[in-house]
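Chain and residue survey
Read off the chains here:
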Amino acid sequence: GENVEQHPSTLSVQEGDSAVIKCTYSDSASNYFPWYKQELGKRPQLIIDIRSNVGEKKDQRIAVTLNKTAKHFSLHITETQPEDSAVYFCAATSADSNYQLIWGAGTKLIIKP
Amino acid sequence: DVKVTQSSRYLVKRTGEKVFLECVQDMDHENMFWYRQDPGLGLRLIYFSYDVKMKEKGDIPEGYSVSREKKERFSLILESASTNQTSMYLCASSLELMGGEVLDEQFFGPGTRLTVL
């Protein structure tokens, strides 16, 4: 079945710098890749998603890139701000699992002032 | 705004007790999900439902059951709670499953932190 690996588990960056979180997946039939942000003590919320028919999607300071050949996708956050501190989860659909989302283990992003 | 609510934020139960976790959504979503969240393991799907009275096993259904008698309510049941079921439980909902694919955003509840002693 599908397996999603997420790296790094913790990422610390200086405020204003960029942050990149990477995920790899195993099922070549996966076609939907969302990213969720979970602030401390709060519920996960979708911040951006990408479908397999595009290679990149941007929304202000956030972008996601998808490399279907290599089966990996990445979240890019530019000009990081303190409010970007959170745990970020990637996910991928899995044809083997009725197209349910298979989640990465999460990345704790720390923005240093 | 979609609102997903869960019956309790914190719950403490004893080993062997039957535990009910309730989830209600107010946006007429067809799909509802139960996850457990543990540090370093991400979100793991326990069960999901794509219609009233329908249920499908997720990745870790053992020790759990679910009930969906009404479209807006999805209940998770721990038949006999055990200490390894101590975790954060998250409910989520999303729009209709279309063509076999989950195409839409999942909206999460605030979570229930369950401790089994």
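Residues numbered from 1 in each chain as written. Chains lettered and ligands numbered in written order. Predicted model: local features only at pLDDT ≥ 70, side-chain atom pairs only at ≥ 80, totals over all residues. Heavy atoms only, no water.

**Quick notes on the overall build of chain B**
Inclusion rule: A run of H or I in DSSP counts as a helix once it spans at least four residues, and a run of E counts as a strand once it spans at least two, with each numbered from the N terminus. A radius of gyration in this sense is built from C-alpha atoms; the matching globule rule multiplies 2.2 Å by the number of residues raised to 0.38. Relative accessibility under 20% of the residue-type maximum defines a buried residue, over 50% an exposed one, and the middle range a partly exposed one, all with a 1.4 Å probe and only protein chains included. Throughout, a contact is declared for two residues whenever any of their heavy atoms are within 4.5 Å. Accessibility throughout is a Shrake-Rupley quantity obtained with a 1.4 Å probe, and a residue counts as covered only by protein chains that appear here. Charged residues are defined narrowly, with Lys and Arg counted positive, Asp and Glu counted negative, and His plus the chain ends left uncounted. For this purpose, a charge sits on NZ of Lys, CZ of Arg, CG of Asp or CD of Glu.
For chain B, the helix and strand inventory stands at zero helices and 11 strands. Mapped from its N terminus to its C terminus, chain B presents α and β elements in the order β-β-β-β-β-β-β-β-β-β-β. The C-alpha radius of gyration of chain B comes to 13 Å, within 12% of the 13 Å expected for a compact globule of 117 residues. Seen through its principal axes, chain B has C-alpha atoms that stretch 40 × 30 × 25 Å. Across the 117 residues of chain B, 47% fall into the buried class. Relative to all contacts within chain B whose residues are 6 or more apart in sequence, the contacts with residues 24 or more apart total 57%. A total accessible area of about 5,700 Å² is found for chain B, and carbon and sulfur atoms account for 50% of it. Within chain B, the 18 negative side-chain charges are centred at a point lying 9 Å from the centre of the 15 positive side-chain charges.

**Comments concerning the sheet that holds strand β1 (residues 4-6) of chain B**
Note on sheets: strands pair through backbone hydrogen bonds, and any given pair is parallel or antiparallel. All names here are of chain B. Defined as follows: Here, strands pair whenever DSSP counts at least two bridges between them. An axis is simply a line fitted to the C-alpha atoms; with a helix, the fit covers only the stretch in contact. Between two such axes, the angle follows the N-to-C directions and lies from 0 to 180 degrees.
Taken in spatial order, the four strands of this open sheet run β1-β3-β8-β7, and their pairing is antiparallel. The outermost strands of the open sheet, each flanked by one partner alone, are β1 and β7 (64-70). Going across the sheet, the axis of each strand differs from the next one's by a mean of 20°, ignoring polarity. Pairing of β1 with strand β3 (residues 19-25), which is carried by three bridges, proceeds in the antiparallel orientation. Note on β3: the bridge partner recorded for Thr5 is Val24.

**Some remarks on the sheet that holds strand β8 (residues 72-77) of chain A**
Residue and element names in this part refer to chain A. Taken in spatial order, the five strands of this open sheet run β1-β3-β8-β7-β6, and their pairing is antiparallel. Of all the strands in the sheet, just β1 (4-7) and β6 (56-59) have a single pairing partner and so form its edges. Sheet twist, expressed as the mean angle between neighbouring strand axes with direction ignored, is 15°. Across four bridges, β1 lies against strand β3 (residues 19-25) in antiparallel orientation. Directly across from His7, in β3, lies its bridge partner Lys22.

**Structural notes on the layout of surface pockets**
For clarity, the cut-off: Put simply, the grid is 1 Å and covers the protein atoms alone, a cavity is a trapped set of points that fit a 1.4 Å probe, a pocket is an open set with protein on both sides within 12 Å along at least five of seven lines, and lining residues have an atom within 4 Å of a point. Grid points are joined across faces, edges and corners, and a volume is the space filled by probe spheres set on the points. All amino acids are sorted into three groups, where Ala, Val, Leu, Ile, Met, Phe, Trp, Tyr, Cys and Pro are nonpolar, Asp, Glu, Lys and Arg are charged, and the leftover types, Gly among them, are polar.
Estimated volume of the largest pocket: approximately 740 Å³. Taken together, 29 residues line the largest pocket, and the ones lying closest to its centre are Gln38(A), Leu40(A), Val87(A), Phe89(A) and Gln37(B). At four residues, the largest contribution of residues to the lining of the largest pocket is made by strand β11 (residues 107-112) of chain A. Per-class residue counts for the lining of the largest pocket are 12 nonpolar, 11 polar and six charged.

**Structural notes on the interface of chain B and chain A**
Note on interface size: it is often stated as the accessible area lost on association of the parts. Worth spelling out the cut-off: Two parts placed together each lose some accessible area under a 1.4 Å probe, and the buried area is that loss summed for both. Within this document, salt bridges are pairs made up of a side-chain nitrogen of Lys or Arg and a carboxyl oxygen of Asp or Glu, the two lying within 4 Å of each other. As used in this structure description, the phrase polar contact means that two N or O atoms lie within 3.5 Å; if the pair is within protein, one of them must be able to donate a hydrogen and the other to accept it, and residues adjacent in sequence are counted only when both atoms belong to side chains.
The interface of chain B with chain A comprises 25 residues on the first partner and 19 residues on the second. Summed over both partners, the interface of chain B with chain A buries about 1,800 Å², with 51% contributed by carbon and sulfur atoms. Linking chain B with chain A are zero salt bridges. At the surface where chain B touches chain A, the tally comes to five residue pairs in polar contact (both at pLDDT 80 or more). When residues of the side of chain B that touches chain A are traced back to their parent elements, those giving at least two are β4 (31-38) and β5 (42-49) of chain B. When residues in the side of chain B that touches chain A are grouped by element, the largest group, four residues, is from β5(B). Of the residues belonging to the side of chain B that touches chain A, the class tally is 13 nonpolar, six polar and six charged.

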